[in-house]
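Descriptive analysis of the structure
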There are 4 protein chains.
Amino acid sequence: MSVRAIAHHIAGYEFARATKEKAMPMFEPLNPNYEEQLRQGFASQSVMETIGAYLLNVAPGQVEIGLDFSADLTQQHGYLHAGIVTAIVDSACGFAAYSLMPPGSGVLTVEYKVNLLAPARGEKFIATGRVIKPGRTLTVCAGEVYAIEGEARRQIALMQATMIRLADKEA
Amino acid sequence: MSVRAIAHHIAGYEFARATKEKAMPMFEPLNPNYEEQLRQGFASQSVMETIGAYLLNVAPGQVEIGLDFSADLTQQHGYLHAGIVTAIVDSACGFAAYSLMPPGSGVLTVEYKVNLLAPARGEKFIATGRVIKPGRTLTVCAGEVYAIEGEARRQIALMQATMIRLADKEA
Amino acid sequence: MSVRAIAHHIAGYEFARATKEKAMPMFEPLNPNYEEQLRQGFASQSVMETIGAYLLNVAPGQVEIGLDFSADLTQQHGYLHAGIVTAIVDSACGFAAYSLMPPGSGVLTVEYKVNLLAPARGEKFIATGRVIKPGRTLTVCAGEVYAIEGEARRQIALMQATMIRLADKEA
Amino acid sequence: MSVRAIAHHIAGYEFARATKEKAMPMFEPLNPNYEEQLRQGFASQSVMETIGAYLLNVAPGQVEIGLDFSADLTQQHGYLHAGIVTAIVDSACGFAAYSLMPPGSGVLTVEYKVNLLAPARGEKFIATGRVIKPGRTLTVCAGEVYAIEGEARRQIALMQATMIRLADKEA
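Every chain is numbered independently, its residues counted from 1 as its sequence is written. Labels are handed out in written order, letters beginning with A for the chains and numbers beginning with 1 for the ligands. Per-residue local features of the predicted model are confined to residues with pLDDT of at least 70, and side-chain atom pairs are confined, for both listing and counting, to 80 or more; whole-chain, interface and lining totals are unaffected and use all residues. Only heavy atoms go into the side-chain values, all of them from the structure, while hydrogens and water stay out.

1. Points about the interface of chain D and chain B
For this analysis, residues touch if any pair of their heavy atoms sits within 4.5 Å. Counting residues at the interface gives 37 residues for chain D and 37 residues for chain B. Here chain D packs against chain B, burying approximately 2,900 Å² in sum over the two surfaces, 51% of which is carbon and sulfur. Among the residues of chain D in contact with chain B, Gln76, His81 and Tyr112 of chain D are the three that bury the most area, contributing 21% of the side total. The term salt bridge refers to a side-chain nitrogen of Lys or Arg lying within 4 Å of a carboxyl oxygen of Asp or Glu. On the surface where chain D and chain B come into contact, there are two salt bridges. One salt bridge in this structure joins Glu111 of chain D and Lys113 of chain B, with 2.7 Å as the shortest N-O distance. Polar here means any residue other than Ala, Val, Leu, Ile, Met, Phe, Trp, Tyr, Cys and Pro, which are nonpolar, and Asp, Glu, Lys and Arg, which are charged; Gly is therefore polar. Grouping the amino acids of the side of chain D that touches chain B by side-chain chemistry returns 16 nonpolar, 15 polar and six charged. Only when DSSP finds a minimum of two bridges between them are two strands counted as paired. Segments assigned H or I by DSSP are reported as helices when at least four residues long, segments assigned E as strands when at least two residues long, and all are numbered from the N terminus. By the bridge criterion, five bridges tie strand 3 (residues 106-116) of chain B to strand 3 (residues 106-116) of chain D in an arrangement that is antiparallel. If you follow Glu111 of chain B over to strand 3 of chain D, its bridge partner there is Asn115 of chain D. Each of two parts loses accessible area, computed with a 1.4 Å probe, when they are put together; buried area is these two losses added.

Structure (structure tokens):
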């Protein structure tokens, strides 16, 4: 099979797999109580209550957080401040990483990179965090933030993040 | 409809759309000759010939580049050096951005972030660049690199990049 | 002069210059009223008041923002949430970029990368934003965040950011 | 002492320290043979010989690598390809991290972010890697690349990188 044929074969296989994974993550949680402990961890992030963020969906390796627009969270043009956009997608990625960690683990953010794709203008915002590669020590995640106005929605941010597991900690 | 219901509705919609986009990109090229000019641009990147990289697939907003392993491109553990992994995925993302630009455009990399997910060990490597958000000035792309050994494949790198359009330039 | 001799010469020169620049930035502002307009811009970022952040020092190409610890801004371990750390250093970098832009400019964050170097534990936090390379369209900045406890201080975050100039806007 | 007074005091202290550190790094190596082993590690990165890169200066927590321009390493506009710029500054940062690790350590790049500040046009290029925060597992580094033309020099790239220590490995 020629290099190009292999490449086409693999590329096709890749799209199929990526597609399937996005529709339904195929990760197996190591912690049977991950969801309960994840929800406790989210509830203990007081900043989430301060800004009005709430946990939406939780699945192994994937977490969604919602936030309603508030004029108290804006930058100089009246859009949601980049730091607040980052706060919800960082938590979504951090808890997505946590969802695949063994019992007794804690999670901390090592670093992230965020592209702000469009002004953060909307009635509601939804941040999604997905695990790209889980690891014993480090987990790499991808995050997206969407702004919702009526029936319209558009992506406003893209994150790539590295999370680290802490042993003998909670959430 | 409650916030959570909206969120579920939107999340489902999102997965559907992301899935569709990944399987078949839905971008319309502005330059009818983008593919020919993109292939000329790739051919004029002498570093690609120097390292032995070749263009595989080209589609509007998506480009794939292949590279065969060579001991001349390794770091101290015998894996492909991160700079070479970055070179092929940067070119894949840059040309993916170029494919959606109007005639007479040139493209330069503003910045990128790369996570190295696993040692770059394999017989062949395939880098994919995809446009996440095209823009008049800036285009944001996502890139992936896969290592191939026989029938096995695994992702070794993830890139998030910002490209800038130059007016009145070629490729 | 041999390559190595040139390199030593240049490296020495570099350290000297970097040192001088850090001690006293050498940028010339293009906007005579930059400081007044920058302070207005900061005052109009309602999120800064919400989290209790305040403007400390302003110089051409350099801005410092302070924040006192508050239990309302913490993550699950009681440290300042990464999104809040990011919010103050993003504003410091954005306004540092703004300080070198011509009159009538506005600034938006294109993207940033943040490394969280240590738990954000302290009584106060100081974020510094510095312009590394100003540009007509894009400005690249570096940011640092320090935690202060009594007389002790330590760096808790490092940022590298890209800012974009908007014409005919304010701050 | 008022918050602002403390801030000024700390800011001044910071500039002083940063300055001193840049002029003469104050890190103590844990490995008495770090320089010899670092030079062996660099010599075993065959890609460095392939592209013509050479080790310039080595100090605890700081490494400089040089590269002469070659038309074989260029992108479509005749400038050094971003991947090659990244290769030398990634190695500079990786070996800078290695210089502070205990005997028997190896180093791998976890991730990096690179801003390309200006076209990579010049006769020679010098990449500097500096440790910002050493750690038992992770080390955060900052890197810069300079282009040299005759007596002129300018910064063309800025990197922020995370390196990981491997136990019981070499370089």
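Next comes the rest of the write-up.
2. A look at the interface of chain A and chain D
In this complex, chain A contributes five residues to the contact, which on the side of chain D involves five residues. Carbon and sulfur atoms make up 81% of the area that chain A and chain D hide from each other, which totals about 430 Å². Summed over the three residues of chain A that lose the most area to chain D, namely Val110, Glu111 and Leu138 of chain A, the buried surface amounts to 61% of that side. Between the two partners, chain A and chain D, sit zero salt bridges. In protein, a polar contact means a hydrogen-donor-capable atom and an acceptor-capable atom, both N or O and within 3.5 Å, with residues adjacent in sequence counting only if both atoms are side-chain atoms; elsewhere, any N or O pair within 3.5 Å suffices. Taken together, the links from chain A to chain D amount to zero residue pairs in polar contact (both at pLDDT 80 or more). Elements with a contribution of two residues or more to the side of chain A that touches chain D: strand 3 (105-116) and strand 6 (152-167) of chain A.

3. Overview of helix 4 (residues 82-98) of chain B
Each residue after the first adds 1.5 Å to the expected span of a helix. The end-to-end C-alpha distance of helix 4 of chain B, which contains 17 residues, comes to 24 Å, matching closely the 24 Å that a straight helix rising 1.5 Å per residue would cover. To sort residues, take the accessible area from a 1.4 Å probe on protein chains only and compare it with the maximum for the residue type: under 20% means buried, over 50% means exposed, and anything in between is partly exposed. In terms of burial, helix 4 of chain B is largely enclosed, as 17 of its 17 residues are buried.

4. Some thoughts on the relation of the copies chain A and chain D
In screw terms, the move from chain A to chain D is a rotation of 180° and a rise of 0.0 Å along the axis, fitting with an RMSD of 0.0 Å. Taken together, the rotation and translation describe the operation of a two-fold axis. When C-alpha distances to the rotation axis are compared across chain A, the minimum falls at Lys113 of chain A, with a value of 4.1 Å. Interface overlap between copies: 100% of the residues of chain A at the interface are likewise at the interface in chain D, consistent with a symmetric, same-surface contact. The least-squares superposition of copies is restricted to C-alpha atoms, and to residues with a pLDDT of at least 70 in both copies.

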